[in-house]
Amino acid sequence: MIVIEEVKEEKQKMMLVAEVLRDLPEWFGISESTQAYIEGAADLQVWPAYQERDLAGFISLSYSSEDCAEIDWLAVKKCYHRAGIGSQLLGVLEKSARQKASYLQVKTVAPGHYPTYDRTNAFYQAQGFKKLEIFPELWDKSNPCLIWVKKLWNFPLTKKLKMLK
């Protein structure tokens with residue numbers, strides 16, 4: 001059973017983010033950048049996922065505008081990949097984000113550059129995200145930034161279904 005609860009304490013956020021990111025050098029292998037991510041977690045909303053007592057992954061949230069929430073990081077330890085934990089984390093984040101925002105975005109490396117990021121892109125597409133735009137040099141030429149977006153429905157499903165009729 002997976003348990004996901006928001007962590008509020010800054011040091012605890014940084015410790016759990018550090019533990020997960022260090023398990024994923026294919027995605028977070030530049031030590032200076034990884035350290036900046038760890039320190040930056042103190043200022044974000046962070047939800048860790050635990051399988052029994054083991055930290056399996058986390059997701060973090062910020063707001064890029066009054067209408068748009070942003071996934072800063074979604075990371076799941078390798079031994080827990082393809083177990084549905086990323087989808088569960090995303091569900092918890094979306095529930096929180098829809099209280100304040102109409103859209104959710106996430107930035108990742110555009111497809112065709114690294115197999116690991118191709119899997120990341122496939123995950124977001126399967127979760128209902130749509131490609132918004134590629135910024136070829138936002139990060140650098142070897143890491144073109146793809147922005148994915150998703151509409152967050154802010155009202156009950158029954159009202160949404162009536163509108164679609």
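Structure's up top.
Nothing here was measured: the structure is a model prediction, and the numbers come from that model.

A. The overall build of the chain, seen in detail. Helix and strand counts for the chain stand at five helices and seven strands. When the helices and strands of the chain are placed in sequence order, the string is β-α-α-β-β-β-α-β-α-β-β-α. By the compact-globule yardstick of 15 Å for 165 residues, the chain fits well, its C-alpha radius of gyration being 16 Å. Dimensions of the chain, computed from the C-alpha atoms along their principal axes, are close to 50 × 40 × 30 Å. In the chain, buried positions account for 41% of the 165 residues. Considering only intrachain contacts with a sequence separation of at least 6, the fraction spanning at least 24 residues in the chain is 63%. Charge separation in the chain, taken as the distance between the mean sites of 22 positive and 21 negative side-chain charges, equals 10 Å.

B. Quick look at unusual backbone geometry. The backbone of Glu52 sits at a positive phi, close to 60°, despite the residue not being glycine. Examined against the element boundaries, Glu52 turns out to sit in the loop between β2 (45–51) and β3 (54–63). Here Glu52 falls in the exposed class, since its relative accessible area comes to 65%. Positive phi outside glycine occurs at Arg82, with the angle close to 65°. Using a relative accessible area of 88% as the deciding quantity, one classes Arg82 as exposed.

C. Quick look at the packing of aromatic side chains. Following the criterion strictly, the structure yields five aromatic pairs and no others. Members of the aromatic cluster, each reached through a chain of ring pairs, are Phe28, Tyr37 and Trp73. When the ring centre of Tyr103 is taken as origin, the NZ or CZ atom of Lys151, which lies over that ring, is 4.9 Å away. When the ring centre of Trp153 is taken as reference, the NZ or CZ atom of Lys151 above it lies at 5.8 Å.

D. Geometry of the sheet that holds strand β1 (residues 2–4). Reading across from one edge, β1-β2-β3-β4-β5-β7-β6 is the order of the seven strands in this open sheet, with mixed pairing throughout. Since the sheet does not close on itself, it has two edges, and those belong to β1 and β6 (130–140), each with one partner. Neighbour-to-neighbour, the strand axes of the sheet open up by a mean angle of 25°, direction not taken into account. Summarising the sheet, β1 and β2 pair through three bridges and their orientation is antiparallel. Residue pairing across strands places Val3 opposite Tyr50, the latter belonging to β2.

Calculation criteria
Per chain, residues are indexed from 1 in the order of the written sequence. At least 70 in pLDDT is required for a residue's local features to be given in this predicted model, at least 80 for side-chain atom pairs to be given and counted, and no such filter applies to totals for whole chains, interfaces and linings, which use all residues. Calculation of side-chain values draws on the structure's entire complement of heavy atoms; hydrogens and water are dropped beforehand. A run of DSSP states H or I qualifies as a helix once it reaches four residues; a run of E qualifies as a strand once it reaches two. Both are numbered from the N-terminal end. Only C-alpha atoms enter the radius of gyration; for comparison, a globular chain is expected to reach 2.2 Å times N to the power 0.38, where N is the number of residues. Think of it in three bands: with a 1.4 Å probe and only protein chains considered, a residue is buried below 20% of the maximum accessible area for its type, exposed above 50%, and partly exposed in between. The contact rule is simple, with two residues in contact once any of their heavy atoms fall within 4.5 Å. Counted as positive: Lys and Arg. Counted as negative: Asp and Glu. His and the chain ends are not counted at all. The atoms used to mark charge sites are NZ of Lys, CZ of Arg, CG of Asp and CD of Glu. When the centres of two rings from Phe, Tyr and Trp lie within 6.5 Å, Trp using its six-membered ring, the rings pair. Their planes under 30 degrees apart give stacked, over 60 give edge-to-face, and anything left gives tilted. The criterion for a charge sitting over a ring is simple: Lys NZ or Arg CZ within 6 Å of the ring centre, and within 35 degrees of the ring normal. In this analysis, strands are considered paired if DSSP registers two or more bridges between them. Helix axes are fitted only over the stretch in contact, all axes being lines through C-alpha atoms; the angle between N-to-C directions runs from 0 to 180 degrees.

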